[in-house]
Amino acid sequence: MFKGAGRNEKSERSKRRRFMNRLSMINRSAGGDYPVVSGAGIAEAELEALWHRHLRDPRGSHDSHGSHGSRDSHDPYDRACIVVDAEVLRLHEDRIRAIQMQIGAVEEVFVVPSGESSKSLSMWERGVDYLLRHQVSRRTPVVAVGGGVTGDLAGFMASAVLRGVPLIHIPTTLLAMADSSIGGKTGVNHASGKNLIGAFHTPDAVIQDLDFLKTLPPREWVNGLSEVLKSGLIADRTLVDDAGEIFTGNGEPGWEAVADPDRFQTWLFRCAEIKCEITSDDEFESGRRAFLNFGHTMGHAMEKMFGYNRLRHGEAVFLGMIGALFLSAKVFGRVAADALDPFARLYEFDIRPEELDTSSLISYMALDKKRAGSTVRFVLLEDWEKPTLQPVDSQLIAEAVDVIRRSL
Ligand SMILES: NC(=O)c1ccc[n+]([C@@H]2O[C@H](COP(=O)([O-])OP(=O)(O)OC[C@H]3O[C@@H](n4cnc5c(N)ncnc54)[C@H](O)[C@@H]3O)[C@@H](O)[C@H]2O)c1
């Protein structure tokens, strides 16, 4: 991915000149409205502004927190605790330490070992011990710096300690910027299934600093692409059309392959915007929010089947979406079953077709939260951008698994 250093520096400089946007929006939430901001190298300035707002306006109605807030999160912050992905700390240690000094965080950071296995009750317990050992108060924010694993884990820690301390997300993966840092879902996995233990916990802010993406490996770019494609399929087809150019036009996925950073930022932010729109409309998933699970019913089952370590979340979701597109085409006949085929070559799956056992997968799906009684309900597409919840029988699910098997 990385070419000669001289060329890199030059292209970085020219990108930086052209890449000066700060995009922001407010996500409405019952737990307090919160800002989602995006830009390159913005983390320090955004944190400073956030700290000042909390000093200046302890209880009030400033621009980023509307009338919905009911927690104590408008009080001035008192120190902070940083929860950081191990790989992010290794690659960005100077920056993390600078942020730590800037916000007066406690000296010890809580390091989350990379990978899905860290989304566990035992890691959560260690995290809670860390927060209590540092005597957090209800005014001590937890600052989560990492991908969806760190965000989900840190969020669940913040939701539980003292019945809720403030939470600030600094997502560092494409997937976390596009999706997981927004919407307030936090949690860990259980032996019975994915994300089965957790809580809704509204962050005070989501700060997407795109500079972190410069160190993200190609496999993680592709992993994050899946959630953007999902948002495109359910809500805005142009995201899928543009992904074609952003991801397939210019060599191996990664920061170096982003030809037009502004366009990339707009594309990514549009995805975050869709997540904001849907989650502010249906925060607690009594309706529309379930559509964000397109591809996830089978995806979660596959993640579980392979022990949460052989398939990335986004990879499993991509395979799940292939199955869900097949079912959508079968049931409604409007969306092409092969709509994601142009992206398939980007994915390298570490599983063999014969390992995908249909009956085990169906039994794992039955444990998914999206079930209704004994029937597995899928998010399917009546048409592009028209998701719906649909019960599907086992015979048809088996056919969809065959399609997935053939795509491996
Ligand atoms: N809460 C939600 O609404 C929601 C939504 C979607 C997904 N999720 C969850 O998100 C998780 C997946 O998130 P993810 O894909 O970000 O995985 P992740 O957090 O495991 O990160 C992926 C990998 O990238 C590394 N990494 C992170 N940032 C990096 C950087 N800037 N440079 C180099 N390496 C970096 C990590 O060490 C890890 O190895 C899953 O557990 C999924 O269930 C949650």
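Scroll up for the structure.
Definitions and limits used
Residues numbered from 1 in each chain as written. Predicted model: local features only at pLDDT ≥ 70, side-chain atom pairs only at ≥ 80, totals over all residues. Heavy atoms only, no water. Axes fitted to C-alpha atoms, helices over the stretch in contact; angles between N-to-C directions. Helix = DSSP H or I, 4+ residues; strand = E, 2+ residues; numbered from the N terminus. Parallel < 35°, antiparallel > 145°, perpendicular 65-115°, else oblique. Left-handed = near helix turned anticlockwise from the far one by under 90°. Contact = heavy atoms within 4.5 Å. Nonpolar A, V, L, I, M, F, W, Y, C, P; charged D, E, K, R; others polar. Polar contact = N/O pair within 3.5 Å; in protein donor to acceptor, adjacent residues only side chain to side chain. Near = heavy atom within 4 Å. Areas by Shrake-Rupley, 256 points an atom, 1.4 Å probe, with all protein chains shown as cover. Domains from an automatic or database assignment. Phe/Tyr/Trp six-rings, centres within 6.5 Å; stacked < 30°, edge-to-face > 60°. Buried < 20%, exposed > 50% of the residue type's maximum accessible area, 1.4 Å probe, protein only. Lys NZ or Arg CZ within 6 Å of the ring centre and 35° of its normal.

Caption draft 1: Quick peek at the packing of helix α12 (residues 313-332) against helix α15 (residues 394-406). Relative orientation of the contacting elements α12 and α15 amounts to 130°, with a least axis distance of 9 Å. The orientation of α12 with respect to α15, classified from their angle, is oblique. By crossing handedness, the relation of α12 to α15 is classed as right-handed. Along its contact with α12, which presents Leu319, Ile322, Gly323, Phe326, Leu327, Lys330 and Val331, the element α15 presents Leu396, Glu399, Ala400, Val403 and Ile404. In the contact of α12 with α15, the residues fall into nine nonpolar, one polar and two charged.

Caption draft 2: Spatial organisation of the side chain of serine 328. Within the fold, serine 328 resides in helix α12. Side-chain polar atoms of serine 328 contact the backbone nitrogen of leucine 381, separated by 2.9 Å. Beyond its immediate stretch of four places on either side in the chain, serine 328 contacts Phe294, Gly333, Leu380 and Leu381.

Caption draft 3: Spatial organisation of unusual backbone geometry. The backbone of leucine 162 sits at a positive phi, close to 50°, despite the residue not being glycine. Tracing the sequence through the fold places leucine 162 in the loop between α6 (148-160) and β6 (167-171). Residue glutamate 385 is not a glycine yet carries a positive backbone phi of 65°. Within the fold, glutamate 385 resides in the loop between β10 (377-383) and β11 (386-391).

Caption draft 4: Focus on the site of the ligand. Near the ligand there are 28 residues, and of these Ser114, Glu116, Thr173, Thr215 and Asn223 occur at the shortest range. Lysine 185 places a polar main-chain atom, nitrogen or oxygen, 3.1 Å from a nitrogen atom of the ligand. Out of a free accessible area of 860 Å², the ligand has 92% covered by protein chains. Looking at the shell around the ligand, the elements with two or more residues in it are α3 (86-91), α6, α7 (174-180), β8 (193-200) and α8 (218-235). Counting residues domain by domain, the shell around the ligand receives three or more from each of domain 1 (5-215) and domain 2 (218-253 + 294-406).

Caption draft 5: Expanded view of the packing of aromatic side chains. For the structure on display, the rule yields nine aromatic pairs. Both rings, one in tyrosine 347 and one in phenylalanine 349, keep their centres 5.7 Å apart while their planes meet at 15°; by these two values the pair is stacked. When sorted by exposure, tyrosine 347 lands in the same class as phenylalanine 349, which is buried. A connected cluster of aromatic rings, assembled from ring pairs, spans Trp221, Trp255, Phe264 and Trp267. For arginine 237, the ring lying beneath its charged end belongs to tryptophan 384, and the centroid distance is 3.9 Å.

Function-wise, these values are silent; they only describe arrangement.
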